[in-house]
Amino acid sequence: QVQLVESGGGLVQAGGSLRLSCAASGRTFSTYPMGWFRQAPGKEREFVAAIRWSGGTTSYADSVKGRFTISRDNAKNTVYLQMNSLKPEDTAVYYCAAKNPANWQYDYWGQGTQVTVSS
């Protein structure tokens, strides 16, 4: 089992940057693929980025490619989302999630952190 706590959200102007962190509990953190998702008001939650356990394989939504970078530090049980060149449409609650190796589903979720980008 993994418990996740996000931090690093806030208010930033368009073109600015933020780095989100997701601290995980659980001694087997390094075995879990991790992902970031977001949900804007009135919209469904959408995939943002994912990273494999080794950190060597990443994937991104087209809307954030070239602007966002996902990374992880297994020694610190933490996954990061570096967000650059932020746009107002990036405004959302951002969630980190861990994929359960038993069923390959994102079974574990954090509480979310608000990111607001002003124009």
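Residues numbered from 1 in each chain as written. Predicted model: local features only at pLDDT ≥ 70, side-chain atom pairs only at ≥ 80, totals over all residues. Heavy atoms only, no water.

Undergrad: For the environment of tryptophan 53, give the residues involved together with the corresponding values.
TA: Looking at where tryptophan 53 falls in the secondary structure, it is placed in the loop between strand E5 (46-51) and strand E6 (58-60). C-alpha of tryptophan 53 to C-alpha of threonine 78: the two residues are 25 residues apart in sequence and 12 Å apart in space. Not counting residues up to four positions away in its chain, the partners in contact with tryptophan 53 are Ser30, Thr31, Tyr32, Pro33, Arg72 and Asn74. (Helix = DSSP H or I, 4+ residues; strand = E, 2+ residues; numbered from the N terminus. Contact = heavy atoms within 4.5 Å.)

Undergrad: I'd like to hear about unusual backbone geometry, residue by residue, with values.
TA: Positive phi, normally seen in glycine, also occurs at asparagine 77, with a value near 50°. Structurally, the position occupied by asparagine 77 is in the loop between strand E7 (68-73) and strand E8 (78-83). A positive phi angle, close to 60°, is found at tryptophan 104, a residue other than glycine. With respect to the helices, strands and loops of the structure, tryptophan 104 is situated in the loop between strand E9 (92-100) and strand E10 (105-109). Residue classification places tryptophan 104 among the partly exposed residues on the basis of a relative accessible area of 42%. (Buried < 20%, exposed > 50% of the residue type's maximum accessible area, 1.4 Å probe, protein only.)

Undergrad: Give me the sheet that holds E8: which residues, what numbers.
TA: With antiparallel pairing, four strands are arranged side by side in an open sheet as E1-E3-E8-E7. A single partner strand is all that each edge strand has here, and the edge strands are strand E1 (3-7) and E7. Direction aside, the axes of adjacent strands within the sheet are offset by 15° on average. Of the strand pairs in this sheet, E7 and E8 are connected by six bridges, and their pairing is antiparallel. Bridge pairing in E8 places isoleucine 70 opposite leucine 81. (Pairing = 2+ DSSP bridges. Axes fitted to C-alpha atoms, helices over the stretch in contact; angles between N-to-C directions.)

Undergrad: Please set out the pairing of strand E4 (residues 34-39) residue by residue, giving values where relevant.
TA: Where burial is concerned, most of E4 is hidden: five out of the six residues are buried. Bridge analysis of E4 against E5 gives five bridges, and the strand direction is antiparallel. Considered in E5, the bridge of glycine 35 is made with alanine 50. Connecting the antiparallel pair E4 and E5 is a turn made up of six residues, with glycine 42 showing a positive phi of about 75°. Pairing geometry for E4 and E9, over six bridges, is antiparallel. By the bridge assignment for E9, phenylalanine 37 is matched with tyrosine 95.

Undergrad: Please give an account of the packing of aromatic side chains that cites residues and values.
TA: For the structure on display, the rule yields five aromatic pairs. When the centroid spacing of 5.7 Å and the interplanar angle of 75° are considered together, the rings of phenylalanine 37 and phenylalanine 47 count as edge-to-face. One end of the pair, phenylalanine 37, is in strand E4; the other, phenylalanine 47, is in strand E5, with 10 residues separating them in the sequence. Its relative accessible area of 31% is what places phenylalanine 47 among the partly exposed residues. Through successive ring pairs, a cluster of aromatic residues spans Phe37, Phe47, Tyr106 and Trp109. The residue whose ring lies beneath arginine 45 is tyrosine 95, and the NZ or CZ to ring-centre distance is 6.0 Å. The cationic tip of arginine 45 hangs over the ring face of tryptophan 109; the distance from NZ or CZ to the ring centre is 3.8 Å. (Phe/Tyr/Trp six-rings, centres within 6.5 Å; stacked < 30°, edge-to-face > 60°. Lys NZ or Arg CZ within 6 Å of the ring centre and 35° of its normal.)

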